[in-house]
Amino acid sequence: MIPYSSFTFFFILVILLAPTIILGLQGKRFQSYNMVVTVIVLAIIFSSRPASALALVLFTSWQVLLIEGYIAYRKKANSGWIFSFAVIASILPLTIYKLLPYFSDTNWMSFLGISYLTFKGTQLIMETRDGLIKQRLPIASLLYFILFFPTISSGPIDRYRRFDKDLKAEVTAEQYKQLLYDGINKIFLGFLYKYIIGYSINHFFIPNLRFIATSHFQSQLFYMYGYSFYLFFDFAGYSAFAIGVSYIMGIKSPENFNLPFISRNIKDFWNRWHMSLSFWFRDYVYMRFVFWMTKKKWIKNRNITSNLGYILLFLLMGFWHGLEIQYILYGIYHALLMVGYNTFEQFNKKHKWWPQTRFTRVVSIVITFHFICFGFYIFSGHFIQRGA
């Protein structure tokens, strides 16, 4: 069973989370019960796929051993080679998962949520290296963080220290009422986004473009806009479900979308679109690359270093989506956009060519919107399908 894909799944959640709601409204702790609920829901999700369930167990065991082992090591030493080995070992299962389909018909490393679970495990190793995590993590809390079922399939990607703070917090009855209210609102928003707007675009608008458009160019243009809005409403709807259920369970998972189609530039867009993933790549790839290059003093020009960081970041993001040509081109496209905008931004700081007025803000939003939609058109692979 895929999370949030059917009303049956929501019905099961209502039954399982009823005790959580009752305890929360009475101001009593419910996190221990929620850990049991997570195990039950994961068993339901993977009940029809025992091979995937086994892969999940092996993957989780591997991540826990790496994390706890590296924390123990970090108390005594701080070798860059050991850190690099731990990071590579953490992302190894995901790498196998991504590459195996090109060499074998059977992907034994495949299970729901492997990417997002990998992000959680890798971030813990990196934060341990940075000294943000100094003590051995309780196994129950670590497993709950990694396997937290509301966000297992597609995020949002949480941070352990933030998650653990919610996990340990004493929630009063009044505070839980607000969490419950916000959680239910987000779930209803998810239904509006995913099952009404997103569904309508994907099943009524896009399939009927041949009757709406009068030319091939117009058909492609309408598809570009339609797919862009479908992608947003479908994914934002899923995120709203995940966040809403998290709230009901007393965990305030981070937001994933913040009106991305009114972004004023491409940097602003990546601060609004799939924010938990964007911020993860920013903090654990881009910032580390820039810091490393600055420390080594291999390139003294900060703008060049920043641009190289953007190229690395978006190439990795493109390859993370898959090795198909559309995903690689999507990564290259956004890398070029970021480098181009970064160059323009530095130029504009000196020459004040593009002033900040209400008119220029509107124009910037319109221009950025079209660049974004064209990027999603590349991402869709529709142009490849048309060529085939």
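Residues numbered from 1 in each chain as written. Predicted model: local features only at pLDDT ≥ 70, side-chain atom pairs only at ≥ 80, totals over all residues. Heavy atoms only, no water.

- Within an unreviewed UniProt entry, the label attached to the protein reads Teichoic acid D-alanyltransferase, and the organism entered is Neobacillus bataviensis.

## What to know about the domain arrangement of the protein
Reports often express the size of an interface as the amount of accessible area lost when the parts come together.
Right, so step 1: Here the protein is described as being made up of domain 1 (30-168), domain 2 (188-244) and domain 3 (260-380).
Right, so step 2: Spacing between the C-alpha centres of domain 1 and domain 3 amounts to 28 Å.
Right, so step 3: Taken together, the 17 residues of domain 1 in the interface contact 14 residues of domain 3.
Right, so step 4: Across the interface of domain 1 and domain 3, roughly 1300 Å² is buried in total on both sides, 58% from carbon and sulfur atoms.
Right, so step 5: Ranking the residues of domain 1 by area buried against domain 3 places Phe119, Met126 and Arg159 at the top, with a combined share of 38%.
Right, so step 6: Here domain 1 is connected to domain 3 by two salt bridges. (Domains from an automatic or database assignment. Contact = heavy atoms within 4.5 Å. Buried area = accessible area lost by both parts, 1.4 Å probe. Salt bridge = Lys/Arg side-chain N within 4 Å of Asp/Glu carboxyl O.)

## Observations concerning the packing of helix 8 (residues 173-205) against helix 10 (residues 216-248)
Axis angle and axis distance: for two packed helices, these are the angle between their axes and the distance between the axes, and together they describe the pair.
Right, so step 1: Contact geometry for helix 8 and helix 10: axes closest at 7 Å, N-to-C directions at 155°. Overall, the two elements helix 8 and helix 10 adopt an arrangement that is roughly antiparallel. Between helix 8 and helix 10 the crossing geometry is left-handed.
Right, so step 2: In terms of residue class, the contact of helix 8 with helix 10 is built from 23 nonpolar, seven polar and four charged. (Axes fitted to C-alpha atoms, helices over the stretch in contact; angles between N-to-C directions. Helix = DSSP H or I, 4+ residues; strand = E, 2+ residues; numbered from the N terminus. Parallel < 35°, antiparallel > 145°, perpendicular 65-115°, else oblique. Left-handed = near helix turned anticlockwise from the far one by under 90°. Nonpolar A, V, L, I, M, F, W, Y, C, P; charged D, E, K, R; others polar.)

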